[in-house]
Amino acid sequence: MEHFQLKNILNIKYMKKYSDNIQYGTAGFRTKANALEYILYRMGLLAVLRSKVKNAAIGLMITASHNIGSDNGVKLIDPAGEMLEASWEQIATNLVNVEDANLVSTIEHIIKEENINMSVDAIVITGRDTRESSPTLLNAAVTGIEVLYGIVQDFGIVTTPQLHYLVVCTNTKNNYGNPTLHGYYIKLSEAFKHVRQKQINNGQYVAELLLDAANGVGGIAAKEFQKYLGTTLAINIYNDGNGELNYMCGADYVKVQQVPPVNFSLKSNFRCVSIDGDADRIVYFYTDEDNKFHLLDGDKIATLIAEYLKELLKESHLSFQLGLVQTAYANGSSTDYILNVLQIPAICVSTGIKHLHNKALDFDIGIYFEANGHGTVLFKETVVKTIKEAVINPKRSTNEKEAASKLLNIINMINQTVGDALSDMLLVETILHAKGWDIMEWEKMYEDLPNKQLKVKVNNKSIITTANAGRQCITPEGLQDEIDKIVSQYKKGRSFVRPSGTEDIIRIYAECENLCDLNKLIIDVALLVY
Ligand code: NG1
Ligand code: ZN
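Residues numbered from 1 in each chain as written. Chains lettered and ligands numbered in written order. Predicted model: local features only at pLDDT ≥ 70, side-chain atom pairs only at ≥ 80, totals over all residues. Heavy atoms only, no water.

### Digging into the site of ligand 1
So, point 1. Taken together, 15 residues are adjacent to ligand 1, and Glu 370, Ser 500, Gly 501, Thr 502 and Arg 507 come closest.
So, point 2. A distance of 2.6 Å separates an oxygen atom of ligand 1 from a polar side-chain atom of Ser 500.
So, point 3. Out of a free accessible area of 430 Å², ligand 1 has 92% covered by protein chains.
So, point 4. When its residues are assigned to classes, the shell around ligand 1 shows two nonpolar, eight polar and five charged. (Near = heavy atom within 4 Å. Polar contact = N/O pair within 3.5 Å; in protein donor to acceptor, adjacent residues only side chain to side chain. Areas by Shrake-Rupley, 256 points an atom, 1.4 Å probe, with all protein chains shown as cover. Nonpolar A, V, L, I, M, F, W, Y, C, P; charged D, E, K, R; others polar.)

### Concerning the coordination of the zinc ion (ligand 2)
Reference geometry at the metal: tetrahedral coordination by four donors gives ideal angles of 109.5 degrees; octahedral coordination by six donors gives 90 or 180 degrees.
So, point 1. Of the protein atoms, only Ser 65 (OG), Asp 276 (OD), Asp 278 (OD) and Asp 280 (OD) coordinate the zinc ion (ligand 2), at distances of 2.0 to 2.2 Å.
So, point 2. One can describe the donor arrangement at the zinc ion (ligand 2) as irregular, given that its four donor atoms subtend angles of 84 to 169 degrees at the metal. (Donors = N, O, S within 2.8 Å, 3.2 Å for Na, K, Ca; no water. Tetrahedral: all angles 85-135°; square planar, octahedral: opposite > 155°, others 65-115°.)

### Points about the nonpolar core
So, point 1. With 83 residues, the main nonpolar core has Leu 233, Tyr 284, Leu 309, Ile 367, Met 425 and Trp 442 as its most contacted residues.
So, point 2. Top element by residues in this core is helix H10 (residues 298-315). It accounts for nine residues.
So, point 3. Residues Ile 9, Ile 39, Trp 88 and Ile 111 belong to the second largest nonpolar core, which totals 46 residues. (Core = buried A, V, L, I, M, F, W, Y, C linked by side-chain atoms within 4.5 Å. Buried < 20%, exposed > 50% of the residue type's maximum accessible area, 1.4 Å probe, protein only. Helix = DSSP H or I, 4+ residues; strand = E, 2+ residues; numbered from the N terminus.)

### Section: the sheet that holds strand E6 (residues 208-212)
So, point 1. Taken in spatial order, the five strands make up an open sheet running E7-E6-E8-E9-E10, and their pairing is mixed. The sheet terminates laterally at strand E7 (234-238) and strand E10 (293-296), the two strands that pair on one side only. In this sheet, adjacent strand axes meet at a mean angle of 30 degrees when their direction is disregarded.
So, point 2. Bridging between E6 and E7 involves five bridges; their strand directions are parallel. The residue of E7 that forms the bridge with Leu 209 is Ile 235.
So, point 3. Contacts from helix H15 (residues 421-435) reach E6, E7, strand E8 (272-275) and strand E9 (282-287), with the element oriented near 55 degrees to E9. (Pairing = 2+ DSSP bridges. Axes fitted to C-alpha atoms, helices over the stretch in contact; angles between N-to-C directions. Contact = heavy atoms within 4.5 Å.)

### Observations regarding the pattern of salt bridges
So, point 1. Summed over all chains, the structure comprises 27 salt bridges.
So, point 2. In this structure, the salt-bridge partner of Arg 131 is Asp 129, at a minimum N-O distance of 2.8 Å. When sorted by exposure, Arg 131 lands in the same class as Asp 129, which is buried.
So, point 3. Close ionic contact of Lys 435 with Glu 307 constitutes a salt bridge, the shortest N to O distance being 3.5 Å. Highlighted residues: Lys 435 in helix H15 and Glu 307 in helix H10, separated in sequence by 128 residues.
So, point 4. By relative accessible area, Glu 307 is classed as buried at 15%.
So, point 5. A network of salt bridges, in which partner residues are shared, links Arg 50, Asp 78 and Glu 85. (Salt bridge = Lys/Arg side-chain N within 4 Å of Asp/Glu carboxyl O.)

### So, unusual backbone geometry
So, point 1. For the bond running from Thr 475 to Pro 476, omega is -10 degrees, close enough to zero to count as cis.
So, point 2. Positionally, Pro 476 belongs in the loop between strand E17 (472-475) and helix H17 (479-487).
So, point 3. Within the chain, Asn 215 stands out as a residue other than glycine whose phi angle is a positive 55 degrees.
So, point 4. Note on placement: Asn 215 falls in the loop between E6 and helix H8 (217-229).

### Focus: the domain arrangement of the chain
So, point 1. According to the domain assignment, the chain contains domain 1 (2-157), domain 2 (183-296), domain 3 (298-420 + 434-443) and domain 4 (451-529).
So, point 2. Using only C-alpha atoms to locate each centre, domain 1 and domain 4 end up separated by 34 Å. (Domains from an automatic or database assignment.)

### Observations regarding the sheet that holds strand E13 (residues 365-369)
So, point 1. Read from one edge to the other, the open sheet built from four strands follows the order E12-E11-E13-E14, with strand pairing classed as mixed. At either margin of the open sheet sits one strand with a lone partner, and together these are strand E12 (346-349) and strand E14 (375-379). Taking the axes of each pair of neighbouring strands and ignoring which way they run, one obtains an average angle of 20 degrees across the sheet.
So, point 2. Seen against the sheet, helix H11 (residues 332-341) touches strand E11 (322-327) and E12 and runs at an angle of roughly 165 degrees to E11.

### Describing the pairing of E11
So, point 1. Counting buried residues along E11, six of its six residues qualify, which places the element largely inside the surrounding structure.
So, point 2. Both faces of E11 are covered, namely the face carrying Leu 322, Leu 324 and Gln 326 and the face carrying Gly 323, Val 325 and Thr 327.
So, point 3. The pairing of E11 with E13 spans four bridges and is parallel. Paired with Leu 324 across the strands is Ile 367, a residue of E13.
So, point 4. Alignment of E11 against E12, held across four bridges, turns out to be parallel. Bridged to Leu 324 within E12 is Ala 346.
So, point 5. Taken together, E11, H11 and E12 form a β-α-β motif whose crossover is right-handed. (Right-handed = clockwise from strand over helix to strand, strands pointing away.)

Here it is as C-alpha cells:
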C-alpha cells in the first residue's frame, strides 16, 4: 500500500527542469520563479515527511522577501516557529537535486533513515506573498502535500511572520494566540492599545508615521492593522502594492542604499518606516530640514528595545539576564553602546536568522536583530510566569506592578516566533511614546560609524569560506591577511567579505571613523575578491 502511494509521486507536470544544483540556503530555496515549480512540488512532499516526523504542523512559506519580483522562494517552518533544522536543510537539498528517476527511492530513503511513521497525520500550513508567481507555486506545493495525503491549511496571502505565528499557535493549541489572522491582529493591537491607554501623543512623540511597504504583502497587513489600531496610531502607507515589488523601495533598498524610497511623500524630521517585501524586516529613517537622510536600522531598534527593557526591569525590581545578539553587519558603535553604556552582553553570530534566534534562547530575555532590521525579542516561559505573578502580587508597590504590567503587554505585542516588521514597529512606537521622544531624540542614543556594503558577482562564490561568525576568511589562503593590511590603515576600520547565502554574490562590508575614507576602504577590499 505504502509502496503504491510512493509510486504516485512521479508527476509529469513537475518533472525536474534544471540540472544545476540548488542549495537550501539561509532562507530556503530562492531563485528565478520559473525554475521553482518542481522544487515547490518536492518541498510539498518533504513538508509532509517533516510533519509526520515531528507529529506537528509544519509551515511552508512562498516568498523571496526583498528580492526582485521575478524571483521567488520557499522555506519550511518547524513546529515551534523556528527555521528548518540544519540536518533537514541537507535532506531538502538532496531531495530537490535528485533526478526524477531517483525521486521515489530518495523519499523511501528519507522515510527509512528518519524512521518516519507514515500512518501519522501530516498538517502543512501554507502561505504566500503577493508575487505573481506565488499561486502557481502554491499549487505545486499543494499537489506534493496531497499526494502523500497531507492536510493543507492554506492562509493565502500572509506576511512571513504571520505564517510563523500561525504555525506556533496551531501547535501550542492556542496557548500563544488564536491560530487565525484575526487572532494575530487582535493579540498585537490590543497589547499596543493597552499600554498607550488614552494618551495618544506624549511629549515630542506624535502618533503618526509614514510607512513604505515595499509594494509587498506588508501593505495589506498594515492596512488591516490600521483597522484594529483605530486612532491610536495613524499609518500613512506608501508603496502599498500598486508599484513594482521591492523596486527602489523597501527596507533592504533603504538600508543598503541609505536613501529614502521612491514614491514617498517626505516631510522633514518626520518618522518614516520601511519594511521589506514579506514584512519581516524594518528600518526607520527621516530626512532633516537640509534634506539629509538619517537611517535608524536594526541595531538602533535593538538598542532602543534593550535600554527600555532594562529600565522596566529596574522599575519592577525584577532581575533577569538580558542579552543582545547581532551579526558581523552590526555597526561597531552599536556594539560599543550595548557593552559599555547599557552593559548588556552583545554576542556576534553568523548571518541568518536561525543563528540569532538560537543564541537569543540562551538568555532569560534575548534580543536579536540583524542590522538590516530583522529581529525580535524572546522571553523564557519562566520569565513570563514571574512577570505575570509580579503584576498581581499585593506585596509589590504600585510602581513595580505598573512596570511589570507594561512588560507583560510588551511581551504580548512582540511576535516571538520570528522577526516581524509590523510587530517591531508597534514596539518601537510604544517605547518612543513612553519616552516622549521624536525620531531625532532616539537617533542621539549613539552615532553610527559610516558604513557601506557592496556586492561582487563571481563565478563561484564558494571559493570564499569564512569562520568566526563570517568575520574572517579561511579561503582563499592569504585573503584575510590582505584585508587586515588594508583595514589597519583606517581609524575604527573594520571590513569583511563573505559569500551570500541567498544570492550568487560575495558581500563586502566596511566601516570606519571618517566618511571620506569609506569608499577607498571598501573598494580596496572589493578589489581583492574581484
Ligand atoms: P545573505 O544573502 O546570506 O547575506 C541576507 C541577509 C541576511 C538575512 C538573509 C535572509 C544581509 C547582509 N544579509 O543573507 O541578514 O536576512 O538575507 O533573508 O543583510
Ligand atoms: Zn524578508
